[in-house]
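Fold and geometry: a report
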Amino acid sequence: VQLQASGGGLVQAGGSLRLSCAASGRTFSSYAMGWFRQAPGKERELVATVSRSGGLTYYGDSVKGRFTISRDNAENTVYLQMNSLKPEDTAVYYCAAGLEPFLSYKRYDYWGQGTLVTVSS
């Protein structure tokens, strides 16, 4: 499966952004999806995961209560709604597909190219 992330940009602290990740192919619903982020000089960090059906989600502690992951299997797309953004959310955000909603980025098989989110103070 090929993934294309979009929706990043520059936003002020307290603002919102919605990231999208469009998947090619007809097997999108066979994969759990995850959003990860990586800031300069830091390791890739889990943001959120969603199960194949969309019924189960998981969030990293730093984004809980502010971010929402969802998916539309009919549209082959996974979303990340980001509210109450903070400067520390600044990073390149990646979507990924895997067999299960793993918490480790190392277990995902397919990756999008990344989209940059910059939050100014």
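Before any of the text, the structure's been laid out above.
As a starting point, this report considers the structure included with it. (Residues numbered from 1 in each chain as written. Predicted model: local features only at pLDDT ≥ 70, side-chain atom pairs only at ≥ 80, totals over all residues. Heavy atoms only, no water.)

1. Points about the sheet that holds strand 8 (residues 77–82)
- The strand order across the open sheet built from four strands is 1-3-8-7, with neighbouring strands paired in antiparallel fashion. Single-partner strands in this sheet number two, and they are strand 1 (3–6) and strand 7 (67–72). For this sheet, the mean inter-axis angle between neighbouring strands, taken without regard to orientation, is 15 degrees.
- Of the pairings in the sheet, the one linking strand 1 to strand 3 (residues 17–23) comprises four bridges and is antiparallel in character. (Pairing = 2+ DSSP bridges. Helix = DSSP H or I, 4+ residues; strand = E, 2+ residues; numbered from the N terminus. Axes fitted to C-alpha atoms, helices over the stretch in contact; angles between N-to-C directions.)

2. Examining the state of the cysteines
- One pass over the full model with this rule turns up one disulfide.
- Through a disulfide, C21 is tied to C95; the S-S separation comes to 2.1 Å. Its S-S torsion of approximately 65 degrees makes the covalent link between C21 and C95 right-handed. Note that C21 is positioned in strand 3 and C95 in strand 9 (residues 91–98), a separation of 74 residues in sequence. Of the two residues examined, C21 and C95, each falls in the buried class. (Disulfide = S-S within 2.5 Å. Buried < 20%, exposed > 50% of the residue type's maximum accessible area, 1.4 Å probe, protein only.)

3. Focus: the packing of aromatic side chains
- Summed over all chains, the structure comprises six aromatic pairs.
- Geometrically, the ring pair formed by F36 and W111 is tilted, given 5.4 Å between the ring centres and 55 degrees between the ring planes. Of this pair, F36 sits in strand 4 (residues 32–38) while W111 sits in strand 10 (residues 110–111), placing them 75 residues apart in sequence.
- The class for W111 is partly exposed, based on a relative accessible area of 27%.
- Members of the aromatic cluster, each reached through a chain of ring pairs, are F36, Y94, F102, Y108 and W111.
- Residue placement shows R44 over the ring face of Y94; its charged tip is 3.9 Å from the ring centre.
- In this arrangement the basic side chain of R44 is found over the ring face of W111, its NZ or CZ atom lying 4.7 Å from the centre. (Phe/Tyr/Trp six-rings, centres within 6.5 Å; stacked < 30°, edge-to-face > 60°. Lys NZ or Arg CZ within 6 Å of the ring centre and 35° of its normal.)

4. Thoughts on the environment of Q113
- Within the fold, Q113 resides in the loop between strand 10 and strand 11 (115–120).
- Accessibility expressed as a relative area gives 42% for Q113, which makes it partly exposed.
- Counting along the chain gives 110 residues from Q113 to L3, while the straight-line C-alpha distance between them is 7.5 Å.
- Look past the residues within four positions of Q113 in its chain and what remains in contact with it is L3, Q4, A5 and Y94.
- Here A5 takes part through its backbone oxygen, which lies 2.8 Å from a polar atom of the side chain of Q113. (Contact = heavy atoms within 4.5 Å. Polar contact = N/O pair within 3.5 Å; in protein donor to acceptor, adjacent residues only side chain to side chain.)

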